[in-house]
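Given next are the chains, with one letter for each unit.
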Amino acid sequence: MKVTIDGITIDVPKGTTILQAARMIGPEVAPPTMCYYSKLKTSGGYCRTCIVKVTQGSAANPTPMPKPVASCRTEVMDGMVVENTINKDVLEARKGVVEFLLVNHPLDCPVCDQAGECSLQDLGYEHGAATSRYEFPRREFERIDIGKYVQLHMNRCIMCFRCVKVADQLTEKRVHGVMHRGDAAEISTYIENVIENDFSGNVIDVCPVGALTDKTFRFKSRVWFTKPVDASCDCKKCSGKVRLWMKGEDVLRVTARKDQWGEAEEFICNECRFDKKKTSDWKIEGPTKVDRHSVISQNHYNHLNELKVQVLKQQKALGFMDINKRP
Amino acid sequence: MGRKLLIHNDHIPNIHTLDVYRAHGGYASVEKALKIMQPDQVTEEVKKSGLRGRGGAGFPTGMKWSFLAKPEGVPRYLVCNADESEPGTFKDRYLMEKIPHALIEGMITSSFALGAKQSYIYIRGEYFYVARILEAAIAEAYAAGWLGKNILGTDFSHDCSVQVGGGAYICGEETALLESLEGKRGNPRIKPPFPAVAGLWGCPTVVNNVETIAAVVPIVNMGGEEYAKIGVGKSTGTKLISASGHINKPGVYEIELGITVEEFIYGEEYCGGIRNGKKLKAVVAGGSSVPILPTELILKTAKGEPRLMTYESLSDGGFQTGTMLGSGGFIAMDEDTSIVKNLFTFSRFYHHESCGQCSPCREGTGWIEKILKKFLDGTANESDVDLLWDIQSKIEGKTICPLGEAAAWPVAAAIRHFKHEFLEIARNKKFTDISHYDRLNKLARV
């Protein structure tokens, strides 16, 4: 099936969503996502940040779709034409969605452990406005304790439902869910239950904001002062492929490895995440490739090979002589 | 005198019982359909009748039925949407309370057409007493053999049950209704797939409004073509209108689609004019979510033609100068009404009823309510009007279900037609309510 996104045509298999097709083309045309998670079934559709305009439904039925659609939940049709970054209305609507996501967000980034790796920060930076038009007190929830590993800050939650779906799809029995309705809706356990299972820590990885954070890492360090290192171990419960966040020789935090879309490549178990905090527990594979736009890459090495390739490309473009072919 | 097809018998004592209902021609459509018609013929009659969904969207019912997927070995369901929660709409309650068998008869006939062996009536929690009435009527129907195995000796068997909801407006959205019916949290599903393909428990399902299903009875009895003769153009048949507000005779009226709005408001047979000799200021023609229109635009279209009570005429001129027939919740407001306060009431409702799944509706509805509260407190600025406009435009069309639109349209229409009222409050920094109720309240306080 052929689909055209922002003027770029790509051939995709049947059943692909617009978002997946856009990601295949590349990050330039891929809409931002807050609730969609490719590893979780039925995720997406809630946050509305990935909305795009379908200007041609399909080759057979070229009428445009009347409303903007959530690209993460809309399957492509043959001959579909989609506008994302080239459509002013889409960008305006997305700006509106970002504003809605932020009106009740506490904006406590200076004390939030997620700062630096927060999807909402990135989204606000790329698509939001510099100031807020919201002048009312922000929503606040009562704090509840959901166990010794995971810290819940409901005030920061943007209701992406990812943590609910993780619990549904990874674990036997989900004990947390959504209570109440509308803007009073909250992620909670009934009644003040504790989330306890071998994979509960994954809610931290899927949370796009600082609503669910690692208690063992709380206030230890800003993420951009830590060095991400890929490591592995023989684990009976999970793949054992993790990312260590180190300061000196100390392992401050263990997370799943995340791909370029910020999604965990493989979910890991609590034992790997919370209990193995010594370098000797792990087989270090090497430094993590950090995306250069990320704040985490500040004061860090860049991936040297990639840098070399980029420099060579630039030099070639500028008419430099190839250093390897010097006479 | 207009023809009545749905509530013509509502004055008869004990019409809610099976015997009286039967004595007045009840269950004739079931006899006719099951004995001499094929299921497809019933659907064909509904198509011919031009019946359009009475819940608000006005989608042709026959077409909706023909979209129903019919895979082998998979059950199909008919679900009656009796979660009537739109402010200003109370027609379904009247019908179910007075003549419950009209709905049950419609359910049987429609289920026969759709091939559904099981149907559900999903009724809102606040109507629990109506649910009792329906349950009693269903028990009567079972006892008399109108429901159950081999109805009228044919091989058509059908079961019908009543499910009471928890009282959430959002469960009137068909996919949220199905979720709720399945015992889950009443959150709208993301479409596609539509219920006609994967509805209740993943099976093909038709969700119809109470009045739509009840209208199938006269259609089968009199024939689709005969039914289509009533009304104007694509608005055929009769429609129940819940009239409320500052009129002399509020209540449920069955009208022939096609009478003028003026006749409906001022005619003695219907609303009987504005009470206390006041002038009409504005009308919300189809339930709280449709755009409000000022007197000059509700009585006459922008082209100067008299506006009719039809789907087409009311929406003539789009949202710039028109509105919608919607669910038929007709709210008239006299000259003393504050549109701003009215809008605040509506917006508070939508804020309260938002399910909280998608961001624009969850955050936007609350924001709108807070800004409107500023107007009532007299602390709003002129720029707040533009802000309101901007917020509603960013909710509309960006949400999972139509609740976002329902919340956005009243705001847009109030600003479009009554911007001066908002600006006046903002300039004077003072809100004075001159409505009848407010004066009564003040008197009571003294």
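Nothing here was measured: the structure is a model prediction, and the numbers come from that model.

**Describing the overall build of chain A**
A count of helical and extended segments in chain A gives seven helices and 13 strands. In terms of C-alpha radius of gyration, chain A reaches 22 Å, essentially the compact-globule figure of 20 Å for 327 residues. In terms of principal-axis extent, the alpha carbons of chain A reach across some 65 × 55 × 40 Å. A total of 327 residues make up chain A; the buried ones form 51% of that total. Considering only contacts in chain A between residues 6 or more positions apart, those separated by 24 or more positions represent 64%. Only carbon and sulfur atoms are counted for the fraction: they give 52% of the accessible area of chain A, which is about 16,700 Å². Side chains of chain A carry 48 positive and 42 negative charges; the gap between the two charge centres is 2 Å.

**Quick look at the interface of chain A and chain B**
Contacts between chain A and chain B engage 33 residues on the former and 33 residues on the latter. Taken over both partners, the interface formed by chain A and chain B buries close to 2,800 Å², and the fraction arising from carbon and sulfur atoms is 55%. Summed over the shared surface of chain A and chain B, the number is 19 residue pairs in polar contact (both at pLDDT 80 or more). Among the elements of the structure, helix 2 (88-103) and strand 7 (176-179) of chain A are those that each provide at least two residues to the side of chain A that touches chain B. Considering every element that reaches the side of chain A that touches chain B, the biggest residue donor is helix 2 of chain A, with eight residues. Across the side of chain A that touches chain B, the residue classes break down as 17 nonpolar, six polar and 10 charged.

**Looking at the sheet that holds strand 11 (residues 329-334) of chain B**
Residues and elements named next belong to chain B. Spatial ordering of the open sheet is given by 8-7-11-9-10, a layout of five strands whose pairing is mixed. A strand with exactly one partner marks an edge of an open sheet, and here the two such strands are strand 8 (251-256) and strand 10 (292-294). Each strand axis lies, on average, 30° off the axis of its neighbour in the sheet, ignoring direction. Sheet analysis places strand 9 (residues 280-284) next to strand 11, joined by four bridges and oriented antiparallel. Pairing of Val283 across the sheet is with Ala332, part of strand 11. Helix 18 (residues 403-428) rests against strand 9 and strand 10 of the sheet, and its axis sits at about 45° to strand 10.

**Looking at the packing of helix 3 (residues 39-49) of chain B against helix 9 (residues 210-222) of chain B**
Residues and elements named next belong to chain B. Between helix 3 and helix 9, the least distance of the axes is 10 Å, while the angle of their chain directions is 100°. Here helix 9 runs roughly perpendicular to helix 3, going by the angle between their axes. Here Val42, Glu45, Val46 and Ser49 of helix 3 come into contact with helix 9, specifically with Val216, Ile219 and Val220. Across the contact of helix 3 with helix 9, the residue classes tally to five nonpolar, one polar and one charged.

**Side note on the nonpolar core**
Note that soluble globular proteins tend to have their nonpolar side chains buried in a common cluster. All names here are of chain B. Residues Trp367, Phe375, Leu388 and Phe422 are the most contacted members of the largest nonpolar core, which totals 121 residues. Ranked by the residues each element gives to this core, the list is headed by helix 18, at 13 residues. With sequence-adjacent residues up to four places away left out, Leu388 is seen in contact with Ile368, Ile371, Leu372, Phe375, Val411, Ile415 and Phe422. Formed by 60 residues, the second largest nonpolar core is a distinct cluster that contains Ile15, Val42, Met96 and Val206.

**Observations regarding the pattern of salt bridges**
Scanning all chains against the criterion turns up 45 salt bridges over all chains. Its salt-bridge partner being Asp230 of chain A, residue Arg243 of chain A comes within 3.0 Å of it at the nearest N-O pair. Highlighted residues: Arg243 of chain A in strand 11 (residues 241-247) and Asp230 of chain A in strand 10 (residues 227-232), separated in sequence by 13 residues. The salt bridge partner of Lys303 of chain B is Asp316 of chain B, with a shortest N-O separation of 3.3 Å. With Lys303 of chain B in the loop between helix 12 (295-299) and helix 13 (311-314) and Asp316 of chain B in the loop between helix 13 and helix 14 (318-321), this residue pair connects regions lying 13 residues apart in the sequence. We classify Lys303 of chain B as exposed; its relative accessible area is 62%. Members of the salt-bridge network, linked through shared partners, are Glu92, Glu99 and Arg133 of chain A together with Asp390 and Lys394 of chain B.

**Some details on unusual backbone geometry**
Between Lys191 of chain B and the following residue, Pro192 of chain B, the backbone shows a cis peptide bond with an omega angle of -5°. Tracing the backbone shows Pro192 of chain B in the loop between helix 8 (174-181) and strand 4 (205-209). That bond from Pro192 of chain B to Pro193 of chain B is cis: its omega, 5°, falls within 30 degrees of zero. Inspection of the secondary structure puts Pro193 of chain B in the loop between helix 8 and strand 4. One non-glycine residue, Thr42 of chain A, lies in the positive phi region at around 60°. Positionally, Thr42 of chain A belongs in the loop between helix 1 (18-25) and strand 3 (51-56). You will see that Leu107 of chain A, though not glycine, has its phi angle at about 55°, which is positive. Mapped onto the elements, Leu107 of chain A comes out in the loop between helix 2 and helix 3 (119-127).

**Side note on the sheet that holds strand 4 of chain B**
Residue and element names in this part refer to chain B. Pairing in this open sheet of four strands is parallel, and the strands run 3-2-1-4 from one edge to the other. Bordering the open sheet on either side are strand 3 (159-164) and strand 4, each of which pairs with just one other strand. Along the sheet, successive strands turn relative to each other by an average axial angle of 20°, direction set aside. Alignment of strand 1 (residues 77-82) against strand 4, held across five bridges, turns out to be parallel. Directly across from Tyr77, in strand 4, lies its bridge partner Thr205.

**Section: the domain arrangement of chain B**
Residues and elements named next belong to chain B. For chain B, the assigned domains read domain 1 (18-229), domain 2 (233-334) and domain 3 (339-436). Each of domain 2 and domain 3 has a C-alpha centre, and the two are 23 Å apart. On the domain 3 side, the residues contacting the 17 residues of domain 2 number 14 residues. Counting the surface lost from both domain 2 and domain 3, the interface buries some 1,400 Å², and carbon and sulfur atoms represent 67% of this. One salt bridge in this structure joins Glu421 and Lys281, with 2.4 Å as the shortest N-O distance. At the boundary of domain 2 and domain 3, one finds four residue pairs in polar contact (both at pLDDT 80 or more). Among the residues forming the side of domain 2 that touches domain 3, the class breakdown is 11 nonpolar, four polar and two charged.

What counts and what doesn't
- Residues numbered from 1 in each chain as written.
- Chains lettered and ligands numbered in written order.
- Predicted model: local features only at pLDDT ≥ 70, side-chain atom pairs only at ≥ 80, totals over all residues.
- Heavy atoms only, no water.
- Helix = DSSP H or I, 4+ residues; strand = E, 2+ residues; numbered from the N terminus.
- Rg over C-alpha atoms; globule rule 2.2 N^0.38 Å.
- Buried < 20%, exposed > 50% of the residue type's maximum accessible area, 1.4 Å probe, protein only.
- Contact = heavy atoms within 4.5 Å.
- Areas by Shrake-Rupley, 256 points an atom, 1.4 Å probe, with all protein chains shown as cover.
- Lys, Arg positive; Asp, Glu negative; His and termini not counted.
- Charge placed at Lys NZ, Arg CZ, Asp CG, Glu CD.
- Buried area = accessible area lost by both parts, 1.4 Å probe.
- Polar contact = N/O pair within 3.5 Å; in protein donor to acceptor, adjacent residues only side chain to side chain.
- Nonpolar A, V, L, I, M, F, W, Y, C, P; charged D, E, K, R; others polar.
- Pairing = 2+ DSSP bridges.
- Axes fitted to C-alpha atoms, helices over the stretch in contact; angles between N-to-C directions.
- Parallel < 35°, antiparallel > 145°, perpendicular 65-115°, else oblique.
- Core = buried A, V, L, I, M, F, W, Y, C linked by side-chain atoms within 4.5 Å.
- Salt bridge = Lys/Arg side-chain N within 4 Å of Asp/Glu carboxyl O.
- Domains from an automatic or database assignment.

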